[in-house]
Amino acid sequence: MRSLKQGLIYHVHTIKAGFTPTIFSSNQLIHLYSNHGLVHEAWNLFDEMPQRNVFSWNAIISAYIKAKNLKQARVLFDSASQRDLVSYNSMLSGYVNEDGFETKAMELFREMQSSPHNVRIDEFSLTTMLNLIAKLAVVTYGRQLHSFMVKTGNFSSGFAVSSLIDMYSKCGCFQEARQVFHGCDEVIDPVSKNAMVAACCREGELEMAIDLFQRESELNDTVSWNTLISGFAQNGYEEESLKLFGHMSESVCRWNEHTFSSVLSACAGLRSLKVGKEIHAFVLKNGLTLNPFISSGIVDVYCKCGNMRYAESVHAGMGIRNSFSITSMILGHSSQGNMVKARQLFDSLVEKSSVVWTALFCGYVKSHQCEAVFELLSEFREKESIVAEALIIISVLSACAIQAALDPGKQVHAYILRSGIEMDKKLTSALVDMYSKCGSLIYAEKIFQRKFDRDSILYNVMLAGYARHGNEQRAIQHYEEMLERGFRPDAVTILALLSACSHRGLIELGEQFFHSMKKDYNILPEIDHYACMIDMYGRANELGKAITFMRKIPIELDAVTLGAFLNACRINGNTELARMAEGLLLQLEGCNGDRYVQLANVYAAEGNWDEMGRIRKKMRGKDIKKTAGCSWLYVENGVHIFTSGDRSHSKSEAIYLTLASLTEELYM
DNA sequence: ACCTCAACAG
């Protein structure tokens with residue numbers, strides 16, 4: 001009875017002939033049905049068996065485990081008239097391999113140890129438990145099991161060694177994994193070797209991984225290649241990963257579905273539409289589109305390359321809903337600023353993983369929809385009982401920073417302290433940035449000082465904070481400390497210093513920094529640096545220097561640099577020069593309402609109403625929208641936005657009456 | 001005969 005067909009023929013034959021198959025044959029049929037996903041047929045057969053042995057019970061239990069119906073499997077396990085160690089081990093592995101049954105697995109293992117049914121713990125139970133420990137990453141328990149294995153002589157088979165390596169590696173104990181691997185040097189088991197290669201990749205020790213891979217290369221199989229291809233992609237060496245795939249194709253090992261998942265993840269990291277399309281074609285040719293790992297991988301590649309049209313068509317063509325693919329789509333739409341579509345997909349998910357939550361948070365921040373960020377946060381805390389991911393917190397902090405919302409920012413800070421989230425470098429930078437953008441440099445500095453292992457990003461954030469507040473001395477102090485500690489300044493560092501000089505009118509110092517960026521650090525000035533310099537000259541009443549400087553800018557003037565110049569003209573009341581910039585600016589950004597307002601402000605500052613009227617006329621009939629200035633308030637957990645003269649609130653009558661009486665009181 | 005190991009996605 002090798003195939004399902006053979007099994008069915010045999011089964012029908014016994015029914016037609018009216019004889020009862022042997023227990024042995026029935027057991028085999030149960031397995032056969034179960035392996036083909038026919039759990040009902042397996043059950044019917046089991047149910048009708050006049051006599052059963054322990055193998056029959058184990059077969060039907062494992063059938064329900066395969067069908068992921070652990071509840072029914074446990075009912076049968078508990079009611080089985082005969083049970084042995086295999087029944088226990090099957091149930092145990094069922095629990096371990098399914099999410100959410102970890103506690104059940106631990107309980108069952110304990111039950112086995114107290115052994116009311118005369119069961120022992122054997123190698124099968126131990127390797128299964130090691131699997132659980134790897135999943136839960138509790139190494140203390142893993143070490144206990146390890147010593148138990150040594151004591152009971154269950155530690156030298158390939159199964160035991162590879163499981164131990166895997167457990168230690170997934171618990172973050174790379175050295176112990178190595179010790180296990182080197183402790184059994186008689187004959188290298190291929191699976192253990194692959195497990196060790198995987199452990200090296202997880203640790204980022206790619207050279208060691210390659211070394212191991214090349215030694216005893218006759219042991220290498222498809223898994224070895226897959227491990228290495230995936231390891232390179234995971235560590236950011238996408239091109240090398242793809243090269244390895246090329247070498248694999250020339251070797252004796254054939255690729256499989258796992259290979260493509262890794263190759264696609266390398267493609268996504270590379271953000272290469274060209275390679276992505278090639279792999280897509282390869283996948284289509286080989287009929288691999290039904291694999292959910294592969295099809296969602298293709299969707300991800302197109303999303304990462306920013307081609308949402310392709311992504312959508314592949315996504316739509318997938319038979320079943322795949323949460324990985326949906327998450328990729330949400331990320332893709334978010335990074336394109338299409339938050340409506342991102343939100344729709346998000347709402348379509350019944351189970352929202354922390355990755356999708358994070359994706360949506362980041363998307364809203366990226367498109368500066370800060371109110372949406374705060375609303376999403378209340379939604380998150382309402383629906384999810386888990387602690388927010390660091391990335392979510394960082395998103396909310398940047399929203400606070402954009403809005404200069406100090407109170408919500410403090411609340412987030414308190415939340416971090418309460419929930420014991422680790423203050424890593426990224427989180428510290430986000431907090432310092434939030435406090436300094438919300439005007440509280442004292443808090444910012446306190447957090448900054450408490451962090452000893454600073455990186456250049458944290459220095460940039462702190463430095464920019466002081467620069468923004470016009471304290472160029474502290475900014476420069478931090479800059480010097482940064483240099484002393486051996487960090488190289490980057491474009492962001494210099495920009496912060498330039499802006500400090502600009503606000504304080506320190507032309508010479510600013511020029512010094514500007515020149516040193518190219519000369520000393522080989523950093524090319526970007527648009528923002530040029531604009532900052534123009535701004536600096538403008539604020540110092542040096543329009544002439546600004547013009548000389550602009551003539552030397554090697555890249556074409558754009559809205560940012562021209563805008564800076566226009567602003568300089570406004571400060572200096574120079575309408576003549578402003579008119580020169582006007583033509584160019586409107587040519588570049590004629591549809592941006594803010595630019596007209598800026599122009600109007602230049603002339604208004606001079607009281608030049610004729611010029612203002614001229615600008616007004618230009619705007620007419622062009623469907624130009626100026627973004628309305630608005631204010632907002634935090635009441636309880638929500639953000640309330642309002643504009644001048646806003647009457648949209650249901651109680652606006654009462655609000656304005658109260659306001660009027662307050663105003664009256666002020667003047668009394 | 002049944003139960004254990006390594007490589008795949010956001």
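Predicted, not measured: the structure shown is a model, and the values here were computed from it.

This brings us to the overall build of chain A. Of the regular secondary structure elements, chain A holds 38 helices and two strands. The C-alpha radius of gyration computed for chain A amounts to 33 Å, which surpasses the reference 26 Å derived for 668 residues by more than 25%, pointing to a less compact arrangement than a globule. Overall size of chain A, expressed as C-alpha extent along the three principal axes, is 110 × 65 × 50 Å. Counting the 668 residues in chain A, one finds 45% classified as buried. Accessible surface, chain A: about 36,200 Å² in total, of which carbon and sulfur atoms supply 53%. Chain A carries 68 positive and 74 negative side-chain charges, and their two centres are separated by 3 Å.

In this section: the protein's contact with DNA strand B. Taken together, 46 residues are adjacent to DNA strand B, and Phe55, Asn58, Asn89, Phe159 and Phe324 come closest. The protein-proximal atoms of DNA strand B, defined as those within 4 Å of the protein, are 34% sugar or phosphate. Note that a base nitrogen of DNA strand B is positioned 3.2 Å from one of the side-chain N or O atoms of Asn194. A distance of 3.4 Å is found between a phosphate oxygen of DNA strand B and a side-chain nitrogen or oxygen belonging to Gln234. In terms of residues, the surface near DNA strand B owes the most to one element, helix 10 (residues 158–170), which gives six residues. Looking at side-chain class alone, the surface near DNA strand B contains 12 nonpolar, 27 polar and seven charged residues.

Further remarks concern the environment of Val86. Position of Val86 among the secondary structure elements: in helix 6 (residues 85–96). Along the backbone, Val86 and Ile229 are 143 residues apart, and their C-alpha atoms lie at a distance of 36 Å.

Under the present numbering, the feature "repeat: PPR" (unreviewed entry) in UniProt falls on residues 22–56, 84–119, 189–219, 221–255 and 455–489. The distance from the first to the last C-alpha atom of residues 221–255 is 10 Å, and the span holds 74% helix and 0% strand.

This part takes up the domain arrangement of chain A. For chain A, the assigned domains are domain 1 (221–351), domain 2 (526–627) and domain 3 (629–668). Between domain 1 and domain 2, the C-alpha centre-to-centre distance is 46 Å.

Attention shifts here to helix 2 (residues 23–35). Look at helix 2: 18 Å from first C-alpha to last across 13 residues, which is about the 18 Å you get at 1.5 Å a residue. Considered for burial, the residues of helix 2 that qualify are Ser25, Ser26, Asn27, Leu29, Ile30, Leu32, Tyr33 and Ser34. Residues of helix 2 that are buried in the fold lie against helix 1 (4–17), helix 3 (39–48) and helix 4 (54–66).

Let us look at the state of the cysteines. One pass over the structure, following the stated rule, counts zero disulfides. With no disulfide of its own, Cys532 lies closest to Cys501 among cysteine sulfurs, the gap being 8.3 Å. By relative accessible area, which is 11% here, Cys532 ends up buried.

Applying the stated criterion across every chain yields a total of 21 salt bridges. For Glu379, the salt bridge is made with Arg343, and the minimal N-O distance between the two is 2.9 Å. Placement of the pair is Glu379 in helix 23 (residues 370–383) and Arg343 in helix 21 (residues 339–348), with a sequence separation of 36 residues. Classification of Glu379 by relative accessible area gives buried; the value is 17%. In this structure, a network of salt bridges that share partners links the residues Arg343, Asp347, Glu379 and Lys383.

The next thing to look at is the environment of Phe77. Its location among the elements puts Phe77 in helix 5 (residues 70–79). Between the C-alpha atom of Phe77 and that of Ser87, which follows or precedes it by 10 residues, the distance is 7.3 Å. Not counting residues up to four positions away in its chain, the partners in contact with Phe77 are Ile61, Arg83, Ser87, Tyr88, Met91 and Leu108.

You will see that His368, though not glycine, has its phi angle at about 55 degrees, which is positive. When you line up the elements, His368 lands in the loop between helix 22 (354–366) and helix 23.

The rules behind these values
- Residues numbered from 1 in each chain as written.
- Chains lettered and ligands numbered in written order.
- Predicted model: local features only at pLDDT ≥ 70, side-chain atom pairs only at ≥ 80, totals over all residues.
- Heavy atoms only, no water.
- Helix = DSSP H or I, 4+ residues; strand = E, 2+ residues; numbered from the N terminus.
- Rg over C-alpha atoms; globule rule 2.2 N^0.38 Å.
- Buried < 20%, exposed > 50% of the residue type's maximum accessible area, 1.4 Å probe, protein only.
- Areas by Shrake-Rupley, 256 points an atom, 1.4 Å probe, with all protein chains shown as cover.
- Lys, Arg positive; Asp, Glu negative; His and termini not counted.
- Charge placed at Lys NZ, Arg CZ, Asp CG, Glu CD.
- Near = heavy atom within 4 Å.
- Polar contact = N/O pair within 3.5 Å; in protein donor to acceptor, adjacent residues only side chain to side chain.
- Nonpolar A, V, L, I, M, F, W, Y, C, P; charged D, E, K, R; others polar.
- UniProt positions renumbered as here; feature names shortened; annotations may be inferred.
- Domains from an automatic or database assignment.
- Expected span 1.5 Å × (residues − 1).
- Contact = heavy atoms within 4.5 Å.
- Disulfide = S-S within 2.5 Å.
- Salt bridge = Lys/Arg side-chain N within 4 Å of Asp/Glu carboxyl O.

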